[in-house]
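So you can see what is in the structure, the chains are spelled out below.
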Amino acid sequence: MKTLVSRPWLWSWVAAAAAFALTMALTGGGGASALAYAALGFGAFAAIVGLGQMLVITLGPGNVDLSIPATMTLSGTLALKAMNTEPGTALMGLGVALLVGLGTGLANYALIFFVRLPPIIATLAASLIYQSLAIWSNRGLRIKPPQELADFATGRFLGLPNVAWVGLVLAIIVWVLLERSVWGRWLLASGQNMRAARLAGVPVELVRATTYVAVTIFAAIAGYLLASFSGGAALNMGQEYLLMSIAVVVIGGTSIAGGMSNVPGVWGASLFMFLVVSMLNSYGAGAGVRLILTGLIIIGIVIVASTRRAQR
Amino acid sequence: MQQSAAQTAAPIVALTDATKHFGAVRALDGVSLEIRPGECLGLVGHNGAGKSTLVNIVNGGLPPTSGTVEFPASGEQGALAAGVRSVFQELSLCPNLTVAENLRISNAELSGIGWRRQARKEINQSLDKVFPGHGIDANAEVDTLSIAERQMVEIAIGFAPRGRDARLVILDEPTSSLDAGIAEQLLAHIREFCANGGAVVFISHMLGEIFAVASRIIVMKDGLIVSDRAAGEFTRQSLVDDMGHVATEKAGDAAGAAHVLGDEVISTPEGLSARRGEIVGLSGLAGHGQAEALARLYLGATSSWRRPKSPKIVFVAGDRTRDGIMPLWSILRNATLSILSETSRRGMVNRPAEAEIAATWKRRIGIRTDDMSNPILSLSGGNQQKVLFARALASQAPVVVMDDPMRGVDVGTKQDVYAMIRAEAAKGRTFLWYSTETEEVCQCDRVFVFRNNAISAELTGADIIEERILEASFEMQDA
Amino acid sequence: MNFLSRYRILLPVVSLTVLLAATFYMQPRAMSYFGVNLLFNLAVPIALATIGQMMIIMVNDIDLSVGAFVSLVACITATLLNDNPMLGVLVLAALVLSYAALGALIHALDLPAIVVTLGMSFIWGGLALFILPSPGGVSPDWLRSLMTVKPPLIPMAVAASILIAGVTHVLVIRSGIGTVLRGVGGNARSVGRAGWKVIRLKALAYGMAGLFNVFAGIALVGLTTSADANIALRYTLLTIAGVILGGGEFVGGKVSPVGAVIGALTLTLAASFLSFMRLSSDWQIGAQGAVLILVLTARLLFTRRARAS
């Protein structure tokens, strides 16, 4: 019990494992590898956007990016349009997606810094424009990804989905940055106490700017992969990731008060969010039960986290 | 206790042997005090003498650790019900509400249709009474008012009826942002209020005001009342003498005389300056602009966007929770936050170098822990402060800014740190040191005394004694 | 000085007027009873939900569950309230109480409102799916006729908006308790020191938010005549935008009910503006974002100039 409390990232993995085991209990162990494969594949998208949202939430109260869904849609749409289903354009498409991420991140931060908007309202307002940009450029057409990219997004390597590998590599990069780089230390310090960090010589605005760019780049990568995975960009493809990105961060054990990130927890929570659906499905419970359970878990976690804070 | 009228009436508030301890700190060390109708009590004392703790005990903000607080005149249990009001230095209005609406917050009896008109009437009456010709619109939102106007509103709310009449009003530095004419209006009102049977506790750094209004003065030092006499029995000089400590030996003398000062490295428009290798003290009563001057200096010399490999200036925070500690981190990470760029390689933290520097400073400054990877909050306040010193001193920065860094630090730690600061200064570092403790300031080579957000005196050499600092901290002239 | 304290409501008024003038200029036929009703048709439920969001922002919190909650109320209205009015009213009252309880919980345990309401949005969404698994339901007849009533001279949508703005102005700005609630946002400590129980005040603010969100859901069904579990999801972002557009601020208890209603109308108009200009509807959502950014930039310039003078 003590280890559970002191290692918040474990929770989400234990919960994911429990959901997995409960599903298996019903099927008698049948389809275990298929379920794990699907969880890794679908969970990867939530994990990638969750990693970005985690960095922003680490900046402390009031910091959250609501433009993730619109950025995903815009990057998926523009990248697929640029590639136009022609072979050999996958890398060019990735470049387009990354540029979209860079652009939306810079625009978000410009609104925060120059117009002094609270991050919530800045990313919200900007996301409405990104959404319209996506609608306008898409014009209702569904452009297929180039074949080799579609194959990559749905394919596997060493038995694991390729998208899961991408999510894993990104998670390792984020972990190294947070734990080993000077920038990571600065981010964690700024999130604990922006004023104290500034007084200790941390360039807090630089940290904030890079974080807001990082989150949209992650969203852009997720959008690019998701569009390729599902055979084309859809205008509502990012929608469910608005609340999902915040939920996996909170369930993963990252502190909403800032200054404490939890990379493995984000992955565990992403797997859990998928597995709990399949568990409830296999028990015949409806989508309603799944949503209520998710909500109860999120609220339970903040209550536990706050009482832990109070005890300390 | 001289006025016979005051002696006969039952006291509004009576403290019997009240103490207040915060951990090991005895903020109030056994105080007995009676305040009777018609009295105006002047309360003076240096920083940390226990004035604000006493005020908070009287107004019910803090329960005493031992002893009793009673309200015999009204027979009520609570301070609010007994008609005790406080007007604090920190602004306690709701800035988003209008002047009249703020009265509504503290007077729940304003209700029903037309409460607004009633509130406007009451606050206008009170403002007119205390500050005739004030020109404040009761419909103005508080955050559109100037600081002086806000302070006037707070005082007016303090004296307003609010369901029951005010019996005792505590005014903590009420004139700090009022100009002389308006302050005089307030003093006149206080005299009238007391003449009509009210009582006032008046805290001020303007000794002229104290003498102008107080019928009785109490002087506090180290959590005790050291003198309590009718105002006429004091002179300005005897007040300052009562507030001060017995003369302490000047420990810094030898070191101060010995080391040679270099060129001027800091010079600000407001008159603050420092030379290479100098320890410059900032003194005066707390809240008179010292911390702000240091913050301006530091923030102006550093950037939120760039971090040079080796910083030119570092900051040691005194308010550890607000300005210094990273509460989620280990001691090690807290200690090395400011030297990460100096030792980093390609943006990555150089962990062996980090550990080595931390170990060096753990030894040099004596951080009491068996493992630097323990959480910072496992340390005592004094040791946390040592970590903040280590964070600053471990860098190569030639200038160190210290914002009252010895708050709540034990004597042993203080001695360690004084020695360390002298040693570093001898090596050519410059220190700017704001302290609320005169004894510390007396260790400096040069002292700037602040009053009302400006430098009121610059002291050097033999002039750096408590008496001179107190004289410059308090307004000696007539208000 | 007076101008400075009032420009906060001036700016939303000016932005709505400009947008309205532009619409009428581009499409003179919109300047009619019928045209105006069409322009602001969907504004009533949005305005009500924006008031709900404003109650929460007033006490320095934020509500991410408005969209899901209004959807849930819509589902209840289109099913329970229609089939069994008594039970329907009881359930809706219970929902208002649960909002108040949430406010007390958030204050008592010092929880981040943004995460708790995020969690609640899942719960409300799940309950909505229980009640109405697939789109459907029927609006009660009385509601349908109430929402489509044609008062003389001013169209229903405008009349209702004025009514909502007037009632909430009295409630939040003029009344004594509304003043204390705004005081909680401005300086909770001094409100507590004056003898108020802040936890009760917070519960009250949340309860009022729940009440207005319930009204929003009911009004929405009256307009759409049926419901589904996702019918109002975009309200979460719209209401936050509306409060800020109307001159509100995230912290400090600075809110304006009249401004919030105007903000909701402006956002509704920004969306229908383009179709009236016969421009591509692709930019409907974007226009809302652009209006938001433009108005907030203008506000920044105003404040800067005010501070400089």
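From a predicted model like this one, the values you see are computed outputs, not experimental measurements.

Next up on the list: the overall build of chain A. Of regular secondary structure, chain A possesses 14 helices and 2 strands. For chain A, the C-alpha radius of gyration of 19 Å lies close to 20 Å, the compact-globule estimate for 312 residues. Seen along its three principal axes, the alpha-carbon backbone of chain A occupies a region of about 55 × 55 × 35 Å. Burial analysis of chain A (312 residues in total) assigns 61% to the buried set. Taking as baseline every contact in chain A between residues at least 6 positions apart, the subset at least 24 positions apart corresponds to 78%.

Moving on, we come to the interface of chain A and chain B. Listed per partner, the contact involves 20 residues of chain A and 27 residues of chain B. Looking at the side of chain A that touches chain B, the elements that each hand over two or more residues are α9 (182–192), α10 (194–199) and α11 (204–229) of chain A. Residues belonging to the side of chain A that touches chain B are distributed by class as follows: 10 nonpolar, 5 polar and 5 charged.

So, about the pairing of strand β3 (residues 40–45) of chain B. Residue and element names in this part refer to chain B. Taken across its 6 residues, β3 has 6 buried, putting it largely inside the fold. Residues of β3 alternate between two faces, with Cys40, Gly42 and Val44 on one and Leu41, Leu43 and Gly45 on the opposite face, all of them buried. Of the strand pairs in this sheet, β3 and strand β7 (residues 199–203) are connected by 4 bridges, and their pairing is parallel. By the bridge assignment for β7, leucine 41 is matched with valine 201. Pairing of β3 with strand β8 (residues 216–221) involves 5 bridges; the strand directions are parallel. Residue leucine 41 lies in a different strand from β8, and its bridge partner there is arginine 216.

So, about the sheet that holds strand β13 (residues 313–316) of chain B. All names here are of chain B. The mixed open sheet is built from 6 strands, whose spatial order is β13-β14-β15-β12-β16-β17. Of all the strands in the sheet, just β13 and β17 (454–460) have a single pairing partner and so form its edges. The sheet shows a mean angle of 20° between the axes of neighbouring strands, taken without regard to direction. Direction of pairing for strand β12 (residues 279–283) relative to strand β16 (residues 446–451): parallel, over a ladder of 4 bridges. Of the residues in β16, the one forming a bridge with valine 280 is arginine 446. Sheet strands in contact with helix α15 (residues 381–393) are β13 and β14 (399–403), and its direction is about 180° off that of β13. With respect to the sheet, helix α18 (residues 466–473) is in contact with β12, β16 and β17, its orientation differing from that of β16 by roughly 30°.

Next up on the list: the nonpolar core. Ranked by size, the top nonpolar core spans 376 residues in total, and within it Phe218 and Ile298 of chain A, Phe202 of chain B together with Ala205 of chain C carry the most contacts. Here the element with the most residues in this core is α11 of chain A; it accounts for 18 residues. Setting aside residues up to four positions removed in sequence, alanine 205 of chain C forms contacts with Met55, Ile56, Met58, Val59, Gly103 and Leu181 of chain C.

Here the focus is the interface of chain A and chain C. On the side of chain C, 36 residues touch chain A, which itself brings 37 residues to the contact. Looking at the side of chain A that touches chain C, the elements with two or more residues in it are α6 (119–138), α12 (241–251) and α14 (287–311) of chain A. It is α14 of chain A that contributes the most residues to the side of chain A that touches chain C, 13 residues altogether. Class assignment for the residues of the side of chain A that touches chain C results in 29 nonpolar, 7 polar and 1 charged.

Moving on to the confidence of the model for chain C. Looking at chain C, the pLDDT average stands at 89 and 95% of residues meet or exceed 70. Confidence estimates for the predicted assembly give a pTM of 0.85 and an ipTM of 0.86.

Although it is not a glycine, asparagine 452 of chain B adopts a positive phi angle of roughly 50°. In this structure, asparagine 452 of chain B sits in the loop between β16 and β17. Residue class for asparagine 452 of chain B comes out partly exposed when judged on the 14 C-beta atoms lying within 10 Å of it. The phi angle at leucine 153 of chain C is positive, at roughly 70°, despite the residue not being glycine. Tracing the sequence through the fold places leucine 153 of chain C in the loop between α8 (141–147) and α9 (156–174).

Right, let's talk about the sheet that holds strand β2 (residues 25–35) of chain B for a bit. Residues and elements named next belong to chain B. Strand order in the open sheet formed by 3 strands is β2-β1-β4, and the pairing between neighbours is antiparallel. Because the sheet does not close on itself, it has two edges, and the strands there are β2 and β4 (66–70). Taken over all neighbouring pairs, the strand axes of this sheet differ in orientation by 20° on average, direction set aside.

A few words now on helix α10 (residues 176–193) of chain C. The end-to-end C-alpha distance of α10 of chain C is 17 Å, clearly below the 26 Å that 18 residues give at a rise of 1.5 Å each. Of all the bends in α10 of chain C, the greatest, near 125°, is centred on asparagine 187 of chain C. Residues Gly178, Thr179, Val180, Leu181, Arg182, Gly183, Val184, Gly185, Gly186, Asn187, Ser190 and Val191 of chain C constitute the buried set of α10 of chain C. The inward-facing, buried residues of α10 of chain C contact α3 (99–106) of chain B together with α3 (43–58), α9 and α11 (198–224) of chain C. Two residues or fewer past α10 of chain C, glycine 195 of chain C is found with a positive phi of approximately 100°.

Before going further, it helps to examine the environment of glutamate 440 of chain B. All names here are of chain B. Position of glutamate 440 relative to the elements: it lies in helix α17 (residues 438–441). Given 23 C-beta atoms within 10 Å, glutamate 440 falls into the buried group. In this structure the C-alpha to C-alpha distance between glutamate 440 and phenylalanine 315, which are 125 residues apart in sequence, comes to 18 Å. When sequence neighbours within four positions are dropped, the list of residues in contact with glutamate 440 reads Met406 and Ser435.

On any regular strand, side chains alternate: one points to one face of the sheet, the next to the other face. All names here are of chain B. Strand β6 (residues 168–172) sits mainly inside the fold: 4 of its 5 residues count as buried. Where strand β5 (residues 84–87) lies against β6, 4 bridges are found, and the strand directions are parallel. Each residue of the ladder has a partner; that of arginine 85, found in β6, is valine 169. Judged from the 5 bridges that link them, β6 and β7 form a sheet pairing that is parallel. Directly across from valine 169, in β7, lies its bridge partner valine 200. Following the backbone out of β6, through helix α6 (residues 180–195) and into the adjacent parallel β7, one traces a crossover that is right-handed.

Rules behind the numbers
Residues numbered from 1 in each chain as written. Chains lettered and ligands numbered in written order. Predicted model: local features only at pLDDT ≥ 70, side-chain atom pairs only at ≥ 80, totals over all residues. Helix = DSSP H or I, 4+ residues; strand = E, 2+ residues; numbered from the N terminus. Rg over C-alpha atoms; globule rule 2.2 N^0.38 Å. Buried ≥ 20, exposed ≤ 12 C-beta atoms within 10 Å, placed from the backbone. Contact = placed C-beta atoms within 7 Å. Nonpolar A, V, L, I, M, F, W, Y, C, P; charged D, E, K, R; others polar. Pairing = 2+ DSSP bridges. Axes fitted to C-alpha atoms, helices over the stretch in contact; angles between N-to-C directions. Core = buried A, V, L, I, M, F, W, Y, C linked by C-beta atoms within 7 Å. pLDDT = per-residue confidence, 0-100. Expected span 1.5 Å × (residues − 1). Bend = angle between axes of the 7 residues up to and from the residue. Right-handed = clockwise from strand over helix to strand, strands pointing away.

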